[in-house]
Amino acid sequence: MLRLRPYKREDAETIISWSKDERSFYKWSAGIMGKYPITQEEFRFVDSLMAFTAFDENGIIGFFTLRNPRESLDELRIGFVIVDPAQRGTGKGKEMIKLALTYAFEIYGASKVTLGVFENNEPAHYCYKEAGFKDCILEEPETYEVMGEKWGCIEMIAEPK
């Protein structure tokens, strides 16, 4: 059974180890924490966010953060989502995101949850849709300069059922 707990600094080494290459690192971090490979010290950036670790009886399987993107407390934004590569494709990522939504709506009291996913990260986009997110159409989609390329970002939203 998958559970969430507050992130602990000793989780950093495991979470950082899941980024086996530069491209996969930027798909979940957008380079906001620093350049690949980041250090545990750079990863401390998440200490200023609501950071969560997902785990089951076998150990840590995922990580994500929540933050208020605006002054309103009605919206939470999920970010820095990463799942242990050995657990991808098993449904654990979807389960983790559903737990994040349960926390956001039922415990925190948010009226909506948003996130952004790169267009070139189809497995994550599919996972978020399966967990209850819908694509938003923006007048001007966000793009990032990553590894000398322009990466488009898909904005997504989930609202309580």
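Presented here is an overview of the structure given in this document. All values derive from a computational prediction rather than experimental measurement.

**Quick word on the overall build of the chain**
Looking only at helices and strands, the chain has five helices and eight strands in total. In summary, the chain has a C-alpha radius of gyration of 15 Å against a globular reference of 15 Å for 161 residues, a match within 12%. Considered along the principal axes of its C-alpha atoms, the chain spans approximately 40 × 35 × 30 Å. In the chain, buried positions account for 44% of the 161 residues. Sequence separation of at least 24 residues holds for 59% of the intrachain contacts in the chain that already meet a minimum separation of 6. Carbon and sulfur atoms form 49% of the exposed surface of the chain, whose accessible area is close to 9100 Å².

**Quick notes on the environment of Glu122**
Note that Glu122 resides in helix H5 (residues 122–131). Looking at Glu122, the relative accessible area reads 52%, which means it is exposed. Residues Glu122 and Lys112 lie ten residues apart in sequence; the distance between their C-alpha atoms is 23 Å.

**Comments concerning the nonpolar core**
Core analysis: the biggest nonpolar cluster contains 27 residues, and Phe64, Ile78, Met96, Tyr128 and Phe133 have the highest contact counts within it. Those elements that place two or more of their residues in this core are strand E2 (50–56), strand E3 (59–67), strand E4 (75–83), helix H4 (92–107), strand E5 (112–118), H5 and strand E8 (149–158). With six residues, H4 is the single largest residue contributor to this core. For Met96, the residues in contact, after removing those within four places along its chain, are Leu2, Leu4, Ala54, Gly62, Phe63, Phe64, Val81, Ile82 and Val83. The next biggest cluster of nonpolar side chains, apart from the first, holds 21 residues, and it includes Trp28, Met33, Phe118 and Val146.

**Concerning the packing of aromatic side chains**
According to the stated counting rule, one finds 14 aromatic pairs in the structure shown. Between the aromatic rings of Phe118 and Tyr144, the centroid separation amounts to 5.4 Å while the plane-to-plane angle is 85 degrees, which identifies the pairing as edge-to-face. In this pair, Phe118 sits in strand E5 while Tyr144 sits in strand E7 (residues 143–146), placing the two residues 26 residues apart along the sequence. Feature note: the residues Tyr7, Phe25, Tyr26, Trp28, Tyr36, Phe43, Phe45, Phe63 and Phe80 constitute an aromatic cluster, connected by ring pairs. Here the guanidinium or amino end of Arg5 rests over the ring plane of Phe55, the centre of that ring lying 5.8 Å away.

**As for the pairing of E8**
In the case of a regular strand, side chains alternate between the two sheet surfaces. With respect to burial, E8 is a largely interior element, eight of its ten residues being buried. Examined bridge by bridge, E5 and E8 share six bridges and lie antiparallel to one another. Bridging across to E8, Gly116 finds its partner in Glu155. Across two bridges, the pairing between strand E6 (residues 134–135) and E8 is antiparallel. Following the sheet pairing, Asp135 is matched in E8 by Met156. Across four bridges, E7 lies against E8 in antiparallel orientation. Among the inter-strand pairings, Thr143 is bridged to a residue of E8, identified as Gly152. In sequence, E7 turns back onto E8 through a hairpin of two residues, with Met147 there showing a positive phi of about 50 degrees.

What counts, and where the lines are drawn
- Within every chain, residues take consecutive numbers counted from 1 along the sequence as written.
- Per-residue local features of the predicted model are confined to residues with pLDDT of at least 70, and side-chain atom pairs are confined, for both listing and counting, to 80 or more; whole-chain, interface and lining totals are unaffected and use all residues.
- Just so you know, side-chain values use all the structure's heavy atoms and leave hydrogens and water out.
- Secondary structure elements are taken from DSSP: a helix is a run of H or I of four residues or more, a strand is a run of E of two residues or more, and numbering for both begins at the N terminus.
- It is over C-alpha atoms that the radius of gyration is taken, and the globule rule equals 2.2 Å times the number of residues to the power 0.38.
- Burial classification: accessible surface area is computed with a 1.4 Å probe over protein chains only, and a residue below 20% of its type maximum counts as buried, one above 50% as exposed, and the rest as partly exposed.
- Contacts are assigned to residue pairs that have any heavy atoms within 4.5 Å of one another.
- Exposure was quantified through the Shrake-Rupley algorithm and a 1.4 Å probe, taking into account, for residues, occlusion by the shown protein chains and nothing else.
- Take the buried residues of types Ala, Val, Leu, Ile, Met, Phe, Trp, Tyr and Cys, join any two whose side-chain atoms come within 4.5 Å, and each joined set is a nonpolar core.
- Any two rings among Phe, Tyr and Trp, with Trp reduced to its six-membered ring, count as a pair given centres within 6.5 Å; such a pair is stacked if its planes are under 30 degrees apart, edge-to-face if over 60, and tilted if neither.
- Should the NZ of a Lys or the CZ of an Arg lie within 6 Å of a ring centre and within 35 degrees of the ring normal, that charge is described as sitting over the ring.
- Two strands qualify as a pair provided that DSSP identifies no fewer than 2 bridges between them.

Shape is all these values report; function is a separate question.
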